[in-house]
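# Tertiary structure, described
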Amino acid sequence: MGLKEKTCKSCRQKFAPSRPMQSACSPACAIAIAERKREKQAQQRAAEKRRETRQQIESMKGIPELIHDAQTACNAYVRVRDDGKPCISCGTLLSREGVGGGFDAGHFRSRGAAPHLRFHEHNVAGQCKRCNRHMAGNVSAMRTGLIWRYGLEAVESLENDNSTHKWTRDELKAIKAEYIRKRKEIEA
């Protein structure tokens, strides 16, 4: 009783195997299969090495770098969330298109004055570059826009929040991951 006909894993031709575990029709095809397997293993080792390197770099980051990473993720989320909405201060229609992303993620209470509110979603809103950069945030108009969007009570809560907060590594990593997840949900 002969062995059942198989398809060569290299050239995809039908062949009659001479051994039960044979997967190639010829020595040349067997060599090609082995080379592909070695290449795949080398790619897996390289990917693992890159993963380890990224983890080492991440573990060496200090609090300032982690704050920067979390702020970047937060701002990217705000830009996606507020795309197509009016500027919180002047009402100009916001679009992500354009040089530098089209618009900024402006803070009602600045990151320097209230660092504990830098990731608070009611404190950060899409703002045209003119208002954010050239008019120092256009805070009085931004306050009006925030009241319209979130209500007077939420804005007064932001204004009266003078607590302090010391960020931990785990908190900052969680904040970054959360904003990346939220941004991907909106973009999907």
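Attention here is on the structure that accompanies the text. All values derive from a computational prediction rather than experimental measurement. (Residues numbered from 1 in each chain as written. Predicted model: local features only at pLDDT ≥ 70, side-chain atom pairs only at ≥ 80, totals over all residues. Heavy atoms only, no water.)

Let's shift gears to the overall build of the protein. Scanning the protein for helices and strands turns up six helices and four strands. Walking the protein from its N terminus toward its C terminus, one meets helices and strands in the order β-β-α-α-β-β-α-α-α-α. Computed over the C-alpha atoms, the radius of gyration of the protein is 28 Å, more than 25% above the 16 Å expected from 2.2 N^0.38 for a compact globule of 188 residues. Scored against the burial criterion, the 188 residues of the protein give a buried share of 30%. Only carbon and sulfur atoms are counted for the fraction: they give 54% of the accessible area of the protein, which is about 12200 Å². Of the charged side chains in the protein, 36 are positive and 22 negative, and the gap between their average positions amounts to 9 Å. (Helix = DSSP H or I, 4+ residues; strand = E, 2+ residues; numbered from the N terminus. Rg over C-alpha atoms; globule rule 2.2 N^0.38 Å. Buried < 20%, exposed > 50% of the residue type's maximum accessible area, 1.4 Å probe, protein only. Areas by Shrake-Rupley, 256 points an atom, 1.4 Å probe, with all protein chains shown as cover. Lys, Arg positive; Asp, Glu negative; His and termini not counted. Charge placed at Lys NZ, Arg CZ, Asp CG, Glu CD.)

Working definition: two side chains of opposite charge can pair if their charged atoms are close together. Going through the model one piece at a time under the given rule, you end up with 15 salt bridges. Across the pair Lys182 and Glu121 runs a salt bridge whose closest N-O atoms are separated by 2.4 Å. Placement of Lys182 in helix α6 (residues 169–187) and of Glu121 in the loop between β3 (103–107) and β4 (124–128) is noted, with a sequence separation of 61 residues between them. Note that Arg183 and Glu187 form a salt bridge whose closest N and O atoms lie 3.5 Å from each other. Of this pair, Arg183 and Glu187 are both found in helix α6, four residues apart, which corresponds to roughly one turn of the helix. Overlapping salt bridges bring together Arg81, Asp82, Lys85, Glu121, Arg149 and Lys182 as one network. (Salt bridge = Lys/Arg side-chain N within 4 Å of Asp/Glu carboxyl O.)

Moving on to the packing of helix α2 (residues 63–81) against α6. Axis separation between α2 and α6 bottoms out at 8 Å; the angle between their running directions is 20°. Between α2 and α6, the crossing angle belongs to the class labelled roughly parallel. As for the relative orientation of α2 and α6, their crossing is left-handed in sense. Here Ile63, Leu66, Ile67, Asp69, Ala70, Ala73, Cys74, Ala76, Tyr77, Val80 and Arg81 of α2 lie close against α6, whose contacting residues are Arg169, Leu172, Lys173, Ile175, Lys176, Tyr179, Ile180, Lys182, Arg183, Ile186 and Glu187. Among the residues forming the contact of α2 with α6, the class breakdown is 14 nonpolar, no polar and eight charged. (Axes fitted to C-alpha atoms, helices over the stretch in contact; angles between N-to-C directions. Parallel < 35°, antiparallel > 145°, perpendicular 65-115°, else oblique. Left-handed = near helix turned anticlockwise from the far one by under 90°. Contact = heavy atoms within 4.5 Å. Nonpolar A, V, L, I, M, F, W, Y, C, P; charged D, E, K, R; others polar.)

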